[in-house]
Amino acid sequence: MSTTYQLLDGKACSKAVLERIAKGAMEVKKKRGRPPHLAAVLVGDDPASQTYVASKVKACEGVGFQSTLLRRPADVTEGDLLELVASLNADASLDGFIVQLPLPKQIDEERVTLAIAPGKDVDGFHPQNLGRMMLGLPGYLPATPSGILELLKHHEVPTEGKHCVVVGRSNIVGTPMAVLMSRNANPGNCTVTVAHSRTRDLRAITRQADILIVAIGKANFIGEDMVKDEAVVVDVGIHRLEDPTRKNGFRLCGDVDFDRVAPKCSWITPVPGGVGPMTVTSLLLNTLKAAGG
Ligand code: GUN
């Protein structure tokens, strides 16, 4: 059993990418007279969504982008939100925008996602962008899977010919991740298995993974008995666990029981500081691209 794992360090990797983005932003400003501009729509006051959107806005400041936060109350109608999306689609001062998910129950997320102009869909959630990804055509990649690719590339983790198991099949993480890891590219060229809530004997499958990517949304769900020696483990989950010994009363953990699993791994992402920073960075990369940078 290995005890000398290495960290897939999202903070260090995102710092390197953010420096590139900041340079790109300066070039866009020189060329077009204004920096790249991202808008974020936040509906309601879900604390996690507020934190995520705040970190996106802050990241824009850090690289010299302009950002606009548009808030709407939790009881906004679907019609009003669709009108806002239409106005953002038509706003030439914006390069891209996101509508933070989840949305309140009265709103059909799919309808809102479909209403976003694909050219401004820097989240990469529109079917046109997901379809282009499937076909290997240029477009906007969803931020979390794209950030994971960047993280693997930055640390020069070999992926070709490996068995990659993705746990979770969401439209924004698991499914696109599986497509990207099987592409003829680097990172990529994996043999991919997608496991999910209905998978029988999940442990037997995850134990076969050379690369295990977990996006299941359950705190500390993956234990050491589910991971093979020397595996590469990427943890997309982030959860708050109550912890009275901490000043703020909680600590963060992922979908993977890090303390038990890490000693078996060759590489593993920490939580926080692994996938999280890369997701924001990928959103900024898409925005830079949308601005012509
Ligand atoms: N909710 C959870 N992750 C995301 C994301 O990447 N983008 C948006 N818009 N909402 C999310």
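Here we summarise the structure given alongside this text. (Residues numbered from 1 in each chain as written. Predicted model: local features only at pLDDT ≥ 70, side-chain atom pairs only at ≥ 80, totals over all residues. Heavy atoms only, no water.)

## Brief notes about the site of the ligand
Near the ligand, the surroundings consist of K56, V99, Q100, L101, D123 and F125. Between the ligand and Q100, the relevant distance is 3.3 Å, taken from a nitrogen atom to a side-chain nitrogen or oxygen of the residue. In the model, a nitrogen atom of the ligand is placed 2.6 Å from a nitrogen or oxygen of the D123 side chain. Protein coverage of the free-state accessible area of the ligand, which is 280 Å², stands at 81%. Among the residues making up the shell around the ligand, the classes are represented as three nonpolar, one polar and two charged. (Near = heavy atom within 4 Å. Polar contact = N/O pair within 3.5 Å; in protein donor to acceptor, adjacent residues only side chain to side chain. Areas by Shrake-Rupley, 256 points an atom, 1.4 Å probe, with all protein chains shown as cover. Nonpolar A, V, L, I, M, F, W, Y, C, P; charged D, E, K, R; others polar.)

## Some thoughts on helix α5 (residues 127-135)
All of the buried residues along α5 are N129, L130 and M133. Each buried residue of α5 lies within a common arc of 100 degrees when the element is viewed along its axis, so the set occupies one face. Those residues of α5 that are exposed and aimed more than 90 degrees away from the buried face are M134 and L135. In this fold, the buried residues of α5 make contact with α7 (174-182). Trailing α5 by a residue or two, G136 shows a phi angle of about 75 degrees, which is positive. (Buried < 20%, exposed > 50% of the residue type's maximum accessible area, 1.4 Å probe, protein only. Helix = DSSP H or I, 4+ residues; strand = E, 2+ residues; numbered from the N terminus. Arc of directions from axis to C-beta. Contact = heavy atoms within 4.5 Å.)

## Quick look at helix α10 (residues 275-290)
Under the 1.5 Å per step criterion, the end-to-end length of α10 is 23 Å for 16 residues, consistent within 8% with the ideal 22 Å. Tucked into the core, α10 has its buried residues touching α1 (10-32), β2 (37-43), α2 (47-63), β4 (96-99), α6 (143-154) and β8 (231-235). Positive phi shows up at G292, right after α10, with a value of about 90 degrees. (Expected span 1.5 Å × (residues − 1).)

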